[in-house]
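Fold and geometry: a report
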Amino acid sequence: MSSPLNGKSLAARPIIALVLLVVSVVAARADLRIVSSPGGEVGSYLQLFAMVRQSGQRVIIDGPCLSACTLVLGSVPHDRICVTTRAVLGFHAAHRLDQRGQFYAAPGETRLLAATYPEPVRAWIERNGGLTEKPSFIGSRQLAALYPRCR
């Protein structure tokens, strides 16, 4: 995940998040369905999920939700998140992008990131090696123990 302080304008962040996060809105229920999200710039996702939290929408994780997308877990109330059998979450340590385009570890941001996740998710991450540069994935079977199945 790159830092929210990487020089992108604040106005561009919501647009970037909407482009990076593939979602479909079901009009009758006003659900936000995450079908496939590779992640991206943290600030954009935080802004998007703050809007979702304020809207009262339910979030359906229905495919890969990787990297910054996983911030939904700490941004939207637990009782408004559900998972399908296709749901996969992918976690990794935070990193920063320097002015030359090089990524480097960001341990302070990684600690902040970990603190945003609900306790059961943090416990799973710790049991599976913590947040490192190598991503760790939690599939739908394990997710069903943490979040309800979508109905």
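Keep in mind it's a predicted model, so treat the numbers as computed, not measured.

**Quick notes on the pairing of strand S6 (residues 88-91)**
Each regular strand displays side chains that alternate between the two surfaces of the sheet. As judged from the three bridges shared by strand S4 (residues 64-66) and S6, these two strands associate in the parallel manner. Bridge pairing in S6 links Leu-66 to Gly-90. Here S6 runs beside strand S9 (residues 136-139); their pairing, made up of four bridges, is antiparallel. Residue pairing across strands places Val-88 opposite Gly-139, the latter belonging to S9.

**Considerations on the confidence of the model for the chain**
Per-residue pLDDT for the chain has a mean of 84; in total, 81% of the residues score no lower than 70. Segment residues 1-29: pLDDT under 50, and 68 contacts once partners within four positions in sequence are set aside and those in other chains are kept.

**Here we look at the state of the cysteines**
Applying the stated criterion across every chain, the model contains two disulfides. In this model, Cys-65 is linked to Cys-69 through a disulfide, with the two sulfur atoms separated by 2.1 Å. Residues Cys-65 and Cys-69 share a disulfide whose torsion about the S-S bond is about -105°; that sign makes it left-handed. Residue Cys-65 is classed as buried on the basis of its relative accessible area, which comes to 0%. Note on cysteine connectivity: Cys-82 is disulfide-linked to Cys-150, with sulfurs 2.1 Å apart. Across the disulfide from Cys-82 to Cys-150, rotation about the S-S bond amounts to roughly 100°, and the bridge is consequently right-handed. Placement of the pair is Cys-82 in strand S5 (residues 81-83) and Cys-150 in the segment after helix H6 (140-143), with a sequence separation of 68 residues. If one numbers only the bonded cysteines of the chain, in the order they occur, the disulfide pattern is 1-2, 3-4.

Quick notes on the rules
Residues numbered from 1 in each chain as written. Predicted model: local features only at pLDDT ≥ 70, side-chain atom pairs only at ≥ 80, totals over all residues. Heavy atoms only, no water. Pairing = 2+ DSSP bridges. Helix = DSSP H or I, 4+ residues; strand = E, 2+ residues; numbered from the N terminus. pLDDT = per-residue confidence, 0-100. Contact = heavy atoms within 4.5 Å. Disulfide = S-S within 2.5 Å. Buried < 20%, exposed > 50% of the residue type's maximum accessible area, 1.4 Å probe, protein only.

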